[in-house]
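Structural overview for review
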Amino acid sequence: MFKGRWPFESKPLLIFWETTKACQLACKHCRANAITEPLPGELSTDEAVKLLEEIAEFGKPSPILVFTGGDPLMRKDFWTLVEYGKNLGLRMAAAPSVTPLLTKRTMNRLKEKGITSVSISIDSYRREVHDMIRGIPGTLDRSLRALDWAKEAGLRVQVNTVVMKETVLDLPGMVKLLLEKGIKVWEVFYYIPTGRGGRESDLTPREWEDVSHFLYEASRYGIMVRTVEGPIFRRVALTRRYYEKKGLLNKLDEGLGELYHKLISELRSLLGEPVGEAKAHTVGTMDAKGIVFVSYDGNVYPSGFLPLSAGNVKEHSIVEIYRRSKLFSTLREKLGGRCGRCEFRGICGGSRARAYAVTGDPYAEDPACMYKPGSLPSEVIENIEVSRRA
């Protein structure tokens with residue numbers, strides 16, 4: 001376990017490698033626009049091996065390499081690459097699609113070959129909603145079985161959930177489901193209108209604020225909550241912690257919206273009052289800072305949701321791209337609008353992917369955030385440990 005401040009400027013914490021575009025699912029919100037067959041230009045085995053070797057050059061502890069897609073199990077050399085990564089001493093995780101390729105035997109093999117954790121996507125506890133989103137009937141039932149297989153294999157398991165209009169009201173039921181399945185980590189994706197996803201599924205800033213406050217409360221039931229493209233959650237978490245210590249949460253909650261109160265009411269109805277401390281993840285990563293995404297054809301992006309390439313691993317080392325590319329260095333420093341003035345910029349910075357998807361400018365303020373810099377009382381800011389430049 002790494003202790004101390006992660007050196008975000010010199011190496012990422014997480015590297016997501018889109019091993020292939022191929023996937024048997026047809027998810028409504030798919031960032032990858034996945035298809036049933038690999039696309040031309042996919043990294044060859046030799047090029048993939050070179051990428052793994054370069055990731056090892058970041059040094060110990062290595063970034064966590066997440067094999068994703070599409071469906072990584074659709075790559076014919078997947079097992080060879082996982083074994084090679086293990087021999088290099090890489091820390092590795094996998095995000096397989098829930099298809100007939102994902103079996104109990106597959107889970108055991110993932111563990112044997114060196115994968116330490118897996119993520120399974122469940123967007124709703126309701127079959128009709130989840131299966132509609134994933135495009136294949138029966139996907140929810142297979143996903144629930146996959147959770148059991150992963151735990152039995154000794155893998156660390158997290159559930160990924162995309163929050164959008166179609167799923168937002170199912171969040172309390174998702175918390176209940178996670179507790180029933182013994183899941184300790186919940187990675188919540190704040191919907192970005194990219195790939196197959198249209199803007200009609202997006203939430204309003206008021207609703208994103210309400211969701212963020214709700215997720216903090218959900219983490220008080222023993223589940224570690226992390227967000228993807230939802231850095232505003234960290235601001236909310238730090239603010240709620242302060243008000244909680246001062247015994248003023250009720251006052252804070254009075255100013256929240258209808259969605260928050262509806263979600264909280266249902267959560268308390270399902271699970272009663274929480275008894276534990278919040279487990280809200282507030283590490284200050286953002287697109288290009290701690291996060292890097294390698295596409296199926298070797299292009300390197302600040303994240304899987306921000307389609308601006310900083311270079312290609314077929315031509316340049318991923319280490320060089322991460323440390324020296326103009327795009328990555330500028331995204332770490334240049335924030336516009338409210339994000340640039342915000343006292344929470346060091347641990348938030350706003351979603352660069354959402355800014356780009358909505359405005360065409362990756363440096364613009366995050367359109368999902370409704371916070372006005374300086375609107376909290378000075379004593380709150382002074383008592384919240386916020387670094388302007390984490």
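The structure under discussion appears in the preceding block.
Residues numbered from 1 in each chain as written. Predicted model: local features only at pLDDT ≥ 70, side-chain atom pairs only at ≥ 80, totals over all residues. Heavy atoms only, no water.

Residues three or four positions apart in an α-helix share a direction because the helix packs 3.6 residues into each turn. With 14 residues, helix 5 (residues 139–152) extends 20 Å from end C-alpha to end C-alpha; this agrees with the ideal 20 Å at 1.5 Å per step. Those residues of helix 5 lying buried are Thr 139, Leu 140, Ser 143, Leu 144, Ala 146, Leu 147 and Ala 150. Projected onto a plane normal to the axis of helix 5, the buried residues spread over an arc of 155 degrees and lie on a single side. Where helix 5 is buried, its residues touch helix 3 (104–113), strand 4 (117–121), helix 4 (127–134), strand 5 (156–163) and helix 6 (171–181). Of the residues one or two after helix 5, Gly 154 is the one with positive phi, at around 85 degrees. (Helix = DSSP H or I, 4+ residues; strand = E, 2+ residues; numbered from the N terminus. Expected span 1.5 Å × (residues − 1). Buried < 20%, exposed > 50% of the residue type's maximum accessible area, 1.4 Å probe, protein only. Arc of directions from axis to C-beta. Contact = heavy atoms within 4.5 Å.)

This brings us to the side chain of Asn 299. Counting through the fold element by element, Asn 299 comes out in the loop between strand 9 (290–294) and strand 10 (300–301). Not counting chain neighbours up to four residues away, the residues in contact with Asn 299 comprise Phe 293, Val 294, Ser 309, Gly 311 and Asn 312.

Moving on: the environment of Met 92. Tracing the backbone through its elements, the reader meets Met 92 in strand 3 (residues 91–94). In this structure Met 92 comes out as buried when scored by relative accessible area, which is 0%. When the C-alpha positions of Met 92 and Ile 64 are compared, they lie 5.6 Å apart, and in sequence the two are 28 residues distant. Among all residues touching Met 92, those that are not within four sequence positions of it are Leu 65, Phe 67, Val 82, Gly 85, Lys 86, Lys 113, Gly 114, Ile 115, Thr 116 and Ser 117.

The full count for this structure, using the stated rule, is ten aromatic pairs. Between Phe 344 and Tyr 371 the ring centres are 5.7 Å apart and the planes differ by 85 degrees, which places this aromatic pair in the edge-to-face class. Note that Phe 344 is positioned in the loop between helix 13 (337–341) and helix 14 (352–359) and Tyr 371 in the loop between helix 14 and helix 15 (378–383), a separation of 27 residues in sequence. The residues Phe 344 and Tyr 371 share a single accessibility class, namely buried. Linked through ring pairs, Trp 17, Phe 67, Phe 78 and Trp 79 together constitute an aromatic cluster. (Phe/Tyr/Trp six-rings, centres within 6.5 Å; stacked < 30°, edge-to-face > 60°.)

Function cannot be inferred from these measures alone, as they are strictly geometric.
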